[in-house]
Amino acid sequence: MSVNVNRSVSGQFYCYNMPRLMAKAEGKGNVIKTVMVNMVDVAKALNRPPTYPTKYFGCELGAQTQFDVKNDHYIVNGSPEANRLQGMLDGFIKKFVLCPEWENPETELHVKPKKQTIANSCKACGYRGMLDTHHKLHTFILKNPPENSDSNTGKK
């Protein structure tokens, strides 16, 4: 089942869809963890690395996160309900995916670690602007820029 990327928009002709986030709790007691089963598919629909929304969940919940990129395993400690995670995903989308001008998800991140900036550009309307630097995810993105970013890290 798919949902609109911008869930405040409804209608049959809205073309930006993503799969509904599926979460599965594993473990018992103090070692309970939530695995995001389809995080790779959700992230692909958002044009962001799957580590970003997972880390966002950890920041919002005050929980540790774990990534196993090779096996597509994305984990948040604790057992938040899937609906709560979907709501948090909407917050991530609003802050880090949607164009502030037109609220469509055709954006790219431009990370410049040396300048400590993250810019957002929209392929649809041409908007260019800076992202909010007050969220904890900002630091994570600076340290882990997306592969398609024009960051000047010197990595090849």
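Conventions we followed
- Residues numbered from 1 in each chain as written.
- Predicted model: local features only at pLDDT ≥ 70, side-chain atom pairs only at ≥ 80, totals over all residues.
- Heavy atoms only, no water.
- UniProt positions renumbered as here; feature names shortened; annotations may be inferred.
- Helix = DSSP H or I, 4+ residues; strand = E, 2+ residues; numbered from the N terminus.
- Buried < 20%, exposed > 50% of the residue type's maximum accessible area, 1.4 Å probe, protein only.
- Arc of directions from axis to C-beta.
- Phe/Tyr/Trp six-rings, centres within 6.5 Å; stacked < 30°, edge-to-face > 60°.
- Salt bridge = Lys/Arg side-chain N within 4 Å of Asp/Glu carboxyl O.

Going by the annotation in an unreviewed UniProt entry, the name recorded for the protein chain is Eukaryotic translation initiation factor 5, with Myotis lucifugus given as the source organism. Per UniProt, the protein chain carries the Sequence similarities (unreviewed entry) text "Belongs to the eIF-2-beta/eIF-5 family."

J.: Which parts of the structure should I look at to understand the UniProt feature "domain: Translation initiation factor IF2/IF5" (unreviewed entry) in the protein chain?
T.: Taking the UniProt record as the reference, the feature "domain: Translation initiation factor IF2/IF5" (unreviewed entry) is found at residues 13-128. Along residues 13-128 one finds 29% helix and 28% strand; the C-alpha atoms at either end are 26 Å apart.

J.: Honestly, the side chain of T51 in this entry has me stumped. Any pointers?
T.: Residue position: T51 is located in helix 2 (residues 51-61). For T51, a relative accessible area of 14% puts it in the buried group.

J.: What should I look at first to understand helix 1 (residues 39-46) in this one?
T.: Given 3.6 residues to a turn, an α-helix orients residues that are three or four positions apart in the same direction. For helix 1, every residue scored as buried is listed here: M39, V42, A43 and L46. Projected down its long axis, helix 1 carries its buried residues within an arc of 95 degrees, all on one side. Immediately beyond the C-terminal end of helix 1, within one or two residues, lies N47, with a positive phi of roughly 60 degrees.

J.: Could you clarify how one ought to interpret the packing of aromatic side chains in this entry?
T.: Here a ring pair, both rings aromatic, is described through the centre-centre distance and the interplanar angle of the planes. As enumerated under the stated definition, the model contains seven aromatic pairs in all. An angle of 75 degrees between the planes, with centres 6.1 Å apart, marks the rings of Y56 and F96 as edge-to-face. Remark: F96 occurs in helix 3 (residues 82-96) and Y56 occurs in helix 2; sequence separation between them is 40 residues. What makes Y56 buried here is its relative accessible area of 3%.

J.: Where do I start with the pattern of salt bridges in this structure?
T.: It is possible for side chains bearing opposite charge to pair when their charged atoms get close. In the structure shown here, the tally under the stated rule is four salt bridges. For K24, the salt bridge is made with E26, and the minimal N-O distance between the two is 3.5 Å. With a relative accessible area of 32%, E26 lands in the partly exposed category. The partner of E103 in a salt bridge is K94, and the shortest N-O contact between them spans 3.5 Å. The class of E103 is partly exposed, set by a relative accessible area of 33%.

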